[in-house]
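Working through the structure, step by step
So you can see what is in the structure, the chains are spelled out below.
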Amino acid sequence: MHKDLISQLETIEKEARKLEMTPDEKEAWTRMITNSGLEMTSRMSNLPAFTASETEVRSLVINENGHTIEAIMSTLEKEVIQPGLNPASGGHMGYIPGGGLYMSALGDYMADITNKYAGIYFAAPGAVAMENMLIEWLVNVFGYPSDATGYLASGGSMANLSAIVTARDAMGINSTNITTHVIYGSAHMHHCLNKAIRIAGLSECPYRNIPLDTHHRMDTRALKSQMELDIHNGLQPFLLIGSAGTTDTGAIDPLHEMANLADDYQCWFHVDAAYGGFFILLPDQKEKFKGIERSHSLVTDPHKGMFLPYGTGVLLVRDGQALRNSHYYMANYMQDAHAHAEETSPADLSPELTKHWRGLRMWLPLMHHGLSPFRACLKEKLLLTQYFREKATLIPHLELGPAPDLSVTYYRYAGSPGSQCDADNLWLTEEIRKDGRVFVSSSKIDGKVCIRLAVLSFRTTQQTIDTLIDILTRKCAELDGMYQQTP
Ligand SMILES: *Cc1c(COP(=O)(O)O)cnc(C)c1O
């Protein structure tokens with residue numbers, strides 16, 4: 001043994017052990033972080049939904065010996081967490097709101113402390129069985145057969161990408177036939193699917209944008225004629241993409257009729273239910289989703305409809321073997337792991353090998369709260385959307401979009417002369433943001449600028465909607481006043 005080696009180890013040991021932290025240090029930090037978290041969640045309903053402020057996070061540089069707990073926490077709270085959108089606030093009613101259940105945060109804490117290897121059954125039988133149990137529950141919720149499978153992804157975009165890749169392989173699309181196999185989507189399909197098509201190497205497939213009806217749902221008569229025309233021209237329908245809750249208007253496509261057409265023309269039917277999927281948990285909403293159980297693959301986002309913090313999406317595939325065929329790979333150094341195959345491992349069904357144990361952040365709130373509060377919250381979001389529409393019709397010159405299928409609806413100020421309308425609605429959106437108590441986002445629907453309302457945060461209540469109505473009433477009156485004064 002080299003003396004030199006031992007003395008080197010002795011010299012650096014003290015420094016290296018610092019990463020383990022002393023019990024006092026751990027306790028101080030844990031107290032600091034949890035106090036900050038508890039304080040934030042207790043004030044969440046009064047915190048602004050949007051804060052336009054400067055960020056100077058780079059003032060705290062990466063150095064050799066670190067910084068004080070006070071300096072770090074101050075930078076984190078004031079310069080990192082505060083500026084911009086506050087997605088955990090109930091006032092977030094733009095895009096598709098998030099939420100962030102406290103129980104999930106505790107789940108993440110345990111997942112990180114134990115660092116269970118949730119990709120492989122052999123390494124973490126409990127963690128993998130937990131994730132598989134959640135998938136089995138969802139397979140049942142969406143009415144898929146019991147041999148369907150899936151996995152917990154990091155979000156809807158990644159889950160959609162995996163679905164498109166699975167469809168590509170299952171339908172045998174390759175360099176010899178790609179230009180004759182058609183993909184059908186719509187203008188309100190989420191753009192992550194356009195991205196997925198490109199990433200999956202399917203840009204050369206002919207792509208058809210199927211028109212929407214007056215409720216912004218896919219027009220299945222137009223779809224049928226397009227499919228027939230394509231077949232007549234020697235092409236083959238390959239992939240039909242439907243939405244169960246579009247981002248723009250919350251519309252659910254006629255899934256049952258689309259499933260019929262997919263059957264008739266032997267094409268893969270994928271449903272993107274990232275936003276709307278969990279509304280299927282409400283018995284009085286189930287009918288709207290009729291046909292989703294006949295799709296070949298579907299995506300839903302627990303970090304939307306189950307109010308989890310960001311980082312959890314779900315992919316389900318009816319033919320479990322098809323998902324496995326596209327994602328399974330055997331490596332020599334993994335041979336020990338594969339000898340124990342009592343349960344399916346996420347690594348065999350997804351692109352990820354090492355992954356976050358994201359099942360715990362979904363399992364823990366489900367186990368603690370049970371389903372009932374989730375159903376109540378989802379129902380509440382639908383009722384609040386209706387409540388908003390009833391109040392908004394009383395505001396002069398505020399025009400509402402069609403009655404929505406779920407909890408996204410749109411409106412616009414329509415009292416402006418001529419071409420001024422789009423600019424006024426952008427101004428209105430900006431004014432709501434400046435107020436800061438609530439956050440909404442605008443979009444362009446049928447070529448016109450509209451403001452959206454998306455109710456999905458578990459923290460959004462009647463009071464939140466009243467705040468928005470109050471701002472809208474005042475700002476619309478301001479616009480009205482301006483136009484009365486300038487003839
Ligand atoms: C949010 C959303 C997506 C994308 O999911 P991410 O979780 O943001 O990656 C896809 N489709 C729809 C309908 C969505 O609302």
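Now for a description of the structure that goes with this document. The model shown is predicted, which means the values in this text are computed figures rather than measured ones. (Residues numbered from 1 in each chain as written. Predicted model: local features only at pLDDT ≥ 70, side-chain atom pairs only at ≥ 80, totals over all residues. Heavy atoms only, no water.)

1. Comments concerning the overall build of the chain
Along the backbone of the chain there are 17 helices and 13 strands. With the C-alpha coordinates of the chain rotated into their principal frame, the extents come out at 90 × 60 × 40 Å. Within the span of the chain, comprising 487 residues, buried residues form 49% of the whole. Summarising the internal contacts of the chain: among those between residues at least 6 apart in sequence, 74% fall at separations of at least 24. Counting every atom, the chain has about 23,700 Å² of accessible surface; 55% of that belongs to carbon and sulfur. (Helix = DSSP H or I, 4+ residues; strand = E, 2+ residues; numbered from the N terminus. Buried < 20%, exposed > 50% of the residue type's maximum accessible area, 1.4 Å probe, protein only. Contact = heavy atoms within 4.5 Å. Areas by Shrake-Rupley, 256 points an atom, 1.4 Å probe, with all protein chains shown as cover.)

2. A closer look at the site of the ligand
The immediate surroundings of the ligand are formed by 15 residues, with Gly156, Ser157, Asp272, Asp301 and Lys304 found nearest. Measuring from an oxygen atom of the ligand, one finds a side-chain N or O atom of Ser157 at 2.6 Å. Contributing elements (two or more residues each) for the shell around the ligand: helix H6 (156-170) and helix H10 (302-305). Top element by residues in the shell around the ligand is H6. It accounts for three residues. Looking at side-chain class alone, the shell around the ligand contains four nonpolar, eight polar and three charged residues. (Near = heavy atom within 4 Å. Polar contact = N/O pair within 3.5 Å; in protein donor to acceptor, adjacent residues only side chain to side chain. Nonpolar A, V, L, I, M, F, W, Y, C, P; charged D, E, K, R; others polar.)

3. Brief notes about the sheet that holds strand E13 (residues 448-454)
Spatial ordering of the open sheet is given by E10-E11-E13-E12, a layout of four strands whose pairing is antiparallel. Each having just a single partner strand, strand E10 (398-400) and strand E12 (442-445) make up the two edges of the open sheet. Within the sheet, the average angular offset between the axes of one strand and its neighbour, ignoring direction, is 40°. Note that E10 and strand E11 (residues 408-413) share three bridges and pair antiparallel. Each residue of the ladder has a partner; that of Glu399, found in E11, is Arg412. (Pairing = 2+ DSSP bridges. Axes fitted to C-alpha atoms, helices over the stretch in contact; angles between N-to-C directions.)

4. Quick look at the packing of aromatic side chains
Each pair of aromatic rings is reported with the distance of its centres and the angle of its planes. Under the criterion given, the structure shown has six aromatic pairs. Pairing Tyr275 with Phe279 gives two aromatic rings, centres 6.1 Å apart and planes at 65°, and the pair type is edge-to-face. Take Tyr275 and Phe279: they sit in the same class, and that class is buried. Centre to centre, the rings of Phe307 and Phe458 are 6.0 Å apart; their planes meet at 55°, and the pair counts as tilted. A residue pair is termed long-range when its members are at least 10 positions apart, and Phe307 in the loop between H10 and strand E9 (313-317) and Phe458 in the loop between E13 and helix H17 (462-485) qualify at 151 residues. Looking at Phe307, the relative accessible area reads 1%, which means it is buried. Aromatic rings pair up to connect Phe50, Tyr95 and Phe439 into one cluster. When the ring centre of Tyr144 is taken as origin, the NZ or CZ atom of Arg318, which lies over that ring, is 5.3 Å away. (Phe/Tyr/Trp six-rings, centres within 6.5 Å; stacked < 30°, edge-to-face > 60°. Lys NZ or Arg CZ within 6 Å of the ring centre and 35° of its normal.)

5. Some thoughts on the nonpolar core
Trp137, Leu223, Leu240, Phe279, Ile292, Leu316 and Met362 are the most contacted members of the largest nonpolar core, which has 56 residues in total. Residues in contact with Leu240, not counting those within four places in the same chain, are Tyr184, Met218, Leu223, Met227, Met258, Ala262, Cys267, Trp268, Phe269 and His270. In terms of nonpolar packing, the next biggest core, distinct from the first, is built from 30 residues, Cys205, Leu239, Ile241 and Leu323 among them. (Core = buried A, V, L, I, M, F, W, Y, C linked by side-chain atoms within 4.5 Å.)

6. Description of the layout of surface pockets
For the largest pocket, the calculated volume is near 1,300 Å³. In this structure, the largest pocket is lined by 43 residues; those nearest its centre are Ser36, Gly37, Met40, Met44 and Ile81. Mapped by element, the contributors of at least two residues to the lining of the largest pocket are helix H2 (23-43), helix H3 (69-81) and helix H4 (102-114). Broken down by element, the lining of the largest pocket gets its largest block of residues, twelve residues, from H2. Residue composition of the lining of the largest pocket, grouped by class: 24 nonpolar, eleven polar and eight charged. (1 Å grid on protein atoms, 1.4 Å probe; cavity = no way out; pocket = protein on both sides within 12 Å on 5 of 7 lines; lining within 4 Å. Points joined across faces, edges and corners; volume = space filled by probe spheres on them.)

7. Overview of unusual backbone geometry
Its identity as a non-glycine residue notwithstanding, Phe307 has a phi of 65°, on the positive side. Although it is not a glycine, His397 sits at a positive phi angle of roughly 70°. For His397, a relative accessible area of 43% gives the class partly exposed.

8. Some details on the side chain of Lys475
Following the sequence through the fold, Lys475 ends up in helix H17. Within the structure, the side chain of Lys475 is placed 3.0 Å from the side chain of Glu431, a separation counted as a polar contact. Every residue in contact with Lys475, bar those within four places of it in the chain, is listed here: Trp427, Leu428 and Glu431.

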